[in-house]
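What follows is the residue order along each chain.
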Amino acid sequence: KIFKTVIQDQEKSTADIPPGSHGFPVVGETLQFMLSVNSGKGFYEFVRSRRIRYGSCFRTSLFGETHVFLSTTESARAVLNNESGMFTKRYIKSIAALVGDRSLLCASQHHHKILRSRFINLSLTRLVDGSTVVQWSCSQICSRKPFSLMRKVWPNLAHFITFKAMCKMLISLENEEELGSLQRDVGFVCEAMLAFPLNLPWTRFHEGIMARGRVMEVLEKIIRDRRNETNSHNNNNHEDFLQQLLAVDSDDSASSSDHYTKLTDAEIKDNILTMIIAGQDTTASALTWMVKYLGENQKVLNILIEEQTQVAKQASDKPFLELDDLTEMTYASKMVKESLRMASVVPWFPRLVLQDCEREGYKINKGWNINIDARSIHLDPNVYSEPHKFNPSRFDEEAKANSFLPFGMGGRTCLGLNMAKAMMVVFLHRFITTYRWEVVDGDPSIEKWTLFARLKSGYPIRVSRRL
Ligand code: HEM
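Peer 1: Any chance you could explain the site of the ligand here in plain terms?
Peer 2: Around the ligand there are 25 residues in total, and Lys89, His112, Arg116, Arg351 and Cys414 lie nearest to it. Residue arginine 116 places a side-chain N or O atom 2.7 Å away from an oxygen atom belonging to the ligand. One of the side-chain nitrogen or oxygen atoms of arginine 351 is found 2.8 Å away from an oxygen atom of the ligand. Secondary-structure elements contributing two or more residues to the shell around the ligand are α6 (109–119), α13 (265–296), β5 (348–353) and α18 (417–434). With 6 residues, α13 is the largest single contributor of residues to the shell around the ligand. Per-class residue counts for the shell around the ligand are 15 nonpolar, 6 polar and 4 charged.

Peer 1: I would appreciate a short explanation of the coordination of the iron atom of the ligand in the present structure.
Peer 2: Angles at a metal have ideal values that depend on geometry: 109.5 degrees with four tetrahedral donors, 90 or 180 degrees with six octahedral donors. A lone protein donor contacts the iron atom of the ligand, and this donor is Cys414 (SG), found at 2.3 Å. Residue placement: cysteine 414 occurs in the loop between α17 (374–378) and α18.

Peer 1: Explain the pattern of salt bridges here, please?
Peer 2: For side chains bearing opposite charge, pairing can occur when the charged atoms are close. In this structure the tally under the stated criterion is 20 salt bridges. Among the salt bridges present, the one from arginine 90 reaches glutamate 65, with a minimum N-O distance of 3.2 Å. Here arginine 90 is found in the loop between β3 (87–88) and α5 (93–99), whereas its partner glutamate 65 is found in strand β2 (residues 65–70), with 25 residues between them in sequence. We note a salt bridge from lysine 164 to glutamate 176, for which the minimum N-O separation is 3.6 Å. Placement of the pair is lysine 164 in helix α8 (residues 153–171) and glutamate 176 in helix α9 (residues 176–193), with a sequence separation of 12 residues. One salt-bridge network, in which partners are shared between bridges, spans Glu74, Arg77 and Glu83.

Peer 1: In this structure, what is going on with the side chain of serine 103? I would like to understand it.
Peer 2: Structurally, the position occupied by serine 103 is in the loop between α5 and α6. What makes serine 103 buried here is its relative accessible area of 0%. At a separation of 3.0 Å, a polar atom in the side chain of serine 103 contacts the main-chain amide nitrogen of leucine 105. When sequence neighbours within four positions are dropped, the list of residues in contact with serine 103 reads Leu115, Asp270, Asn271 and Thr274.

Peer 1: Is there a simple way to explain the sheet that holds strand β8 (residues 369–373) in this structure?
Peer 2: Backbone hydrogen bonds hold the strands of a sheet together, and the pairing may be parallel or antiparallel. Spatially, 5 strands are ordered β1-β2-β8-β5-β3 in an open sheet, and the strand pairing comes out mixed. What marks the edges here is a single partner per strand, and that holds for β1 (57–62) and β3. The pairing of β1 with β2 spans 6 bridges and is antiparallel. From the neighbouring strand, phenylalanine 58 faces β2, where its bridge partner is phenylalanine 69. Helix-sheet contacts for helix α4 (residues 73–81) involve β2, β3, β5 and β8, and the interaxial angle to β8 is about 130°.

Calculation criteria
Residue numbers run consecutively from 1 along every chain, following the written order of its sequence. Confidence filtering applies because this is a predicted model: local features only for residues at pLDDT of at least 70, side-chain atom pairs given and counted only at 80 or more, and all residues used for totals across whole chains, interfaces and linings. Heavy atoms throughout the structure, all of them, feed into the side-chain values; hydrogens and water do not. Proximity criterion: a residue is near a molecule or strand once any of its heavy atoms comes within 4 Å of it. Polar contact criterion, stated in full: a pair of N or O atoms within 3.5 Å, where within protein one must be able to donate a hydrogen and the other to accept it, and residues adjacent in sequence count only if both atoms are side-chain atoms. The helix and strand labels rest on DSSP assignments: H or I over at least four residues marks a helix, E over at least two residues marks a strand, and numbering proceeds from the N terminus. Any residue that is not Ala, Val, Leu, Ile, Met, Phe, Trp, Tyr, Cys, Pro, Asp, Glu, Lys or Arg is counted as polar, Gly included; the first ten are nonpolar and the last four charged. Coordinating donors are taken to be N, O and S atoms lying within 2.8 Å of the metal, or within 3.2 Å when the metal is Na, K or Ca; because water is excluded from the atom set, some sites may appear incomplete. We define a salt bridge as a contact between a side-chain nitrogen of Lys or Arg and a carboxyl oxygen of Asp or Glu at a distance within 4 Å. Only protein chains enter the accessibility calculation, which uses a 1.4 Å probe; a residue whose area is less than 20% of its type maximum is buried, one above 50% is exposed, and one in between is partly exposed. We call two residues in contact whenever any of their non-hydrogen atoms come within 4.5 Å of each other. Strands pair, by our definition, only if DSSP identifies at least two bridges between them. Here an angle of 0 to 180 degrees is reported between the N-to-C directions of two axes, which are lines fitted to C-alpha atoms, with helices fitted over the stretch in contact.

Shown next as structure tokens:
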């Protein structure tokens, strides 16, 4: 009888919470998750297999916490727009130690709003300069050996191009040596974000903390030099993101306004590091997937070659494309959108639940983590017809509401989305109009232990100049 009561109680208490498995005591399903992270199918496989087994809402237990995954457009709208105020980003102490606790990734809701209002113009800042760097870097791809040079899209093309372009747009850093050491240090910080947060001299986490210190020193020096330049009226006309922040802070009319809070140097430094981290691997992964999709879809490539050759002709009297030229690239921008949909570089968006609530008919408890599974929405046949077919023309029509989420949605939408799209479309133009390429290794295995899904092989291609 006691046994029957226990079973009934369990049934009663689990009837209204999402289906799924708690896994083993204490560790939950952490081991299965780690196996996915460490497999050639990538960490999303853990979510995908459960989405198939349990449906559009399921729960699991990872690292001692309950996680719920949701994959309907309605849940995406409710959670990401957060009109109810019931969801927030979780503060993770080890991430704050790496990106800085003034970073908008770690700020309280109130502080985040203030920071975001100051950074929102980022999307409009010096895109032209960034695009120029992308174009210049692309033209260097095989400048030394014009015929059949083997290159890995990741990191040779994608990583270096995006890093350079972002450093130009954010802080006007162009010196190759300084760029190289900054990129190495940012790499250590990114690796530490995935490591166990143990700060002892031989750990990866410690290496990341030390690298963060060096990045802060570089940024401090750049800010100091800028201020000295301004004070000595030796202004070098920097038109980057940093200059924009410093200029507004020294503008008396802006800083005397009621709603204005001057940014501290710590806020500026932490958030420039945040931008680089948030923008680098995401954009470079997206570029790599885009080259892969291009290689697999000859028809799409032919249409693009036609459009881009036309754009190149129209812009032939200019050294570099300008923003006006980008608006002519209608098929290329659909190509970028379709690549972002198919790749879903950031596959899900986590939030912390602040109040007990209900979603998709299930009870969600305060303190749980709720994850919007964007990848699943992007590949849902009820949302996108033939979702596994690569078809840029599907964007001839507007996507359904709340269904196109590569950059998230709501108050946490990606701050670099215009920058990322510009880098992708400009890369596409230069790459297609300047080079031919053939794929050397098309292995679809996913790299282990990365924050964003990318190809293990780095997608090596043999590049030669178009005649
Ligand atoms: C293809 C490239 C990119 C993709 C796919 C991407 C994707 C995303 C997504 C999905 C989010 C929201 C995550 C969430 O809601 O939890 C996000 C946030 C963010 N992204 Fe991007 N991103 C890209 C490029 C960039 C670039 C180039 C920058 C900066 C230069 C950048 C800066 C940021 C920042 C600062 C946030 C945090 C915004 C906040 O919390 O308010 N991203 N990104």
